[in-house]
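Observations on the model geometry
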Amino acid sequence: MNNSKVLVSPSGVEFEAESDQTILAAALQNKIHLQHSCKNGECGVCEASLVSGEVAFDGNKISVGNFLTCKSVALSNVEIMAEYFPQLSQIIQKTVPVKVDTFERTVSDVVRLVLRSPPTNRLDYLAGQYVELTYQGVTRPYSIANAKNAEGKIELHIRKVDSGKMSERLFAGVKENTLMRLRGPCGTFFLRESESPIILLATGTGYAPIKAIVEELLAKNDSRPVFLYWGVRYQADLYCELPKKWSNEYENIHYIPVLSRVNEHWSGDIGYVQDVALAKHQSVSEYSVYACGSPSMIEDAKNKFKHSGHKLKNFFCDAFTAAKSG
């Protein structure tokens, strides 16, 4: 079996990929954390550019253009343009047993699940990353909804999905101390070191990793201006009161809930989070933007922020596919 060398620009890191191994899988195996999220081709976050060589992308041979590292195999030695995250290389991905600490229905179709792990076997992670939860033989990815804490607890926000195998199991009711399993951390969505003001865009349970990022900012006493836009369909879908509490207690945190459906009792913003955010900021070029939600929201937000003068190198995202939603 012939291996191919993969050179990642502009970082200059290099690793080998086996002939039947995707470029992303080979990178992660070598502890090279290229940008990614779902790892199955749905979210598009792992898109890279081919500089030289050939890859097979979705069964097609290409020698120029963009491709998804999670769906592509190197056919020769290749050079690719992709972002590499050395800050993740020291975080060990592992599987840990966990027990249910809290199970709470926040609204009819969202549960808040808090899990605790043994004190000697806890996950290390960065706020914004996700884990894979296994329960009764079913595994699904969910973003961690809290920053690291001394108790080592992991909070997940899980939306009910029609015919979803995990949803059916969880929404049937879960008792305290029920045994489950977590694997992680996963993904490259996390708070970057910067002095830039921040725009946070979330839709639905995409609020979960955004909540974790805000908690990390607060833990660090970070005083940068933060604008949190949380988009849902109806007012009842705003299942957490913490953003309102943050905006009342901290001068630098501004919370803007957004409804996409007209509500006669609603006096706030109506539309889509990306449109509302752009309308409220005369210039977005100096902001770091963190977006989490549906792939369509993220793609639309990227395009509109780019056209408004944003430097997309400071646009960070995590797309919620159906499995990740619930």
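Conventions used here
Residues numbered from 1 in each chain as written. Predicted model: local features only at pLDDT ≥ 70, side-chain atom pairs only at ≥ 80, totals over all residues. Heavy atoms only, no water. Helix = DSSP H or I, 4+ residues; strand = E, 2+ residues; numbered from the N terminus. Rg over C-alpha atoms; globule rule 2.2 N^0.38 Å. Buried < 20%, exposed > 50% of the residue type's maximum accessible area, 1.4 Å probe, protein only. Contact = heavy atoms within 4.5 Å. Areas by Shrake-Rupley, 256 points an atom, 1.4 Å probe, with all protein chains shown as cover. Pairing = 2+ DSSP bridges. Expected span 1.5 Å × (residues − 1). Axes fitted to C-alpha atoms, helices over the stretch in contact; angles between N-to-C directions. Core = buried A, V, L, I, M, F, W, Y, C linked by side-chain atoms within 4.5 Å. Salt bridge = Lys/Arg side-chain N within 4 Å of Asp/Glu carboxyl O.

**Thoughts on the overall build of the protein chain**
When helices and strands are counted, the protein chain shows 7 helices and 20 strands. Its C-alpha atoms give the protein chain a radius of gyration of 20 Å, near enough to 20 Å, the size a compact globule of 326 residues would have. Each principal axis of the C-alpha atoms in the protein chain carries an extent, and together these give about 60 × 50 × 40 Å. Within the protein chain, the fraction of its 326 residues that count as buried is 51%. Taking the contacts inside the protein chain whose residues are at least 6 apart along the sequence as the reference set, 67% of them involve residues at least 24 apart. About 15,200 Å² of surface is accessible on the protein chain, with carbon and sulfur atoms providing 46% of the total.

**Some details on the pairing of strand S11 (residues 130-135)**
By the criterion of burial, S11 is predominantly enclosed, with 6 of the 6 residues buried. Here S11 shows no split at all, with Tyr-130, Glu-132 and Thr-134 on one side and Val-131, Leu-133 and Tyr-135 on the other all buried. Taken together, the 6 bridges between S11 and strand S12 (residues 138-143) define a ladder with antiparallel strand orientation. The residue bridging Thr-134 from the neighbouring strand is Thr-139, located in S12. Between the end of S11 and the start of S12, which pair antiparallel, lie 2 residues, with Gln-136 showing a positive phi angle near 50 degrees. Across 4 bridges, S11 lies against strand S14 (residues 179-186) in antiparallel orientation. Residue pairing for S14: Tyr-130 is matched across the bridge by Cys-186.

**Looking at helix H3 (residues 207-219)**
Compared with the 18 Å implied by 1.5 Å per residue over 13 residues, the 18 Å span of H3 between its first and last C-alpha is a close match. For H3, the tally of buried residues reaches 10 of 13 residues, placing the bulk of the element in the interior. Every buried residue belonging to H3 is among Tyr-207, Ala-208, Pro-209, Ile-210, Lys-211, Ala-212, Ile-213, Val-214, Glu-216 and Leu-217, and all of these are buried. Remark: Asn-221 follows H3 within two positions and exhibits a positive phi of approximately 55 degrees.

**Some thoughts on the sheet that holds S14**
On the basis of which strands lie adjacent, the open sheet formed by 6 strands has the order S12-S11-S14-S9-S10-S13 and antiparallel pairing. With partners counted over all chains shown, the strands left at the sheet margins are S12 and strand S13 (154-159), one partner each. Taken over all neighbouring pairs, the strand axes of this sheet differ in orientation by 35 degrees on average, direction set aside. With 6 bridges joining them, strand S10 (residues 110-116) and S13 adopt antiparallel strand pairing. From the neighbouring strand, Leu-113 faces S13, where its bridge partner is Leu-156.

**Topic: the nonpolar core**
Ranked by internal contacts, the top residues of the largest apolar core, which has 30 residues, are Leu-200, Ile-210, Ile-213, Leu-228, Trp-230 and Tyr-290. At the level of elements, strand S15 (198-203), H3, strand S16 (226-232), strand S17 (253-259) and strand S19 (288-293) are the ones that each hand at least two residues to this core. Per-element tally for this core: the top contributor is H3, with 6 residues. Setting aside residues no more than four positions away along its own chain, Ile-210 makes contact with Phe-189, Leu-200, Leu-201, Ala-202, Leu-228, Tyr-290 and Cys-292.

**Some points on the pattern of salt bridges**
In the structure shown here, the tally under the stated rule is 20 salt bridges. The salt bridge involving Asp-101 is made with Lys-153; its shortest N-O contact spans 3.3 Å. Taken together, the residues Asp-101 in strand S9 (residues 94-107) and Lys-153 in the loop between S12 and S13 connect sequence positions 52 residues apart. Note on Lys-153: relative accessible area 21%, which makes it partly exposed. Between Asp-109 and Arg-159 there is a salt bridge whose closest N-O contact spans 2.8 Å. With a gap of 50 residues between them, Asp-109 in the loop between S9 and S10 and Arg-159 in strand S13 connect regions that are remote in the sequence. Note on accessibility: Asp-109 and Arg-159 belong to one class, buried. Residues joined in a network through salt bridges with shared partners are Glu-104, Arg-112, Glu-155, Lys-211 and Glu-215.

**Focus on the environment of Gly-152**
Within the fold, Gly-152 resides in the loop between S12 and S13. Residue class for Gly-152 comes out buried when judged on its relative accessible area of 15%. Gly-152 sits 97 residues away from Val-55 along the chain, and the two C-alpha atoms are 42 Å apart. Here Gly-152 is in contact with Leu-115, Ser-117 and Arg-122, once residues within four sequence places are set aside.

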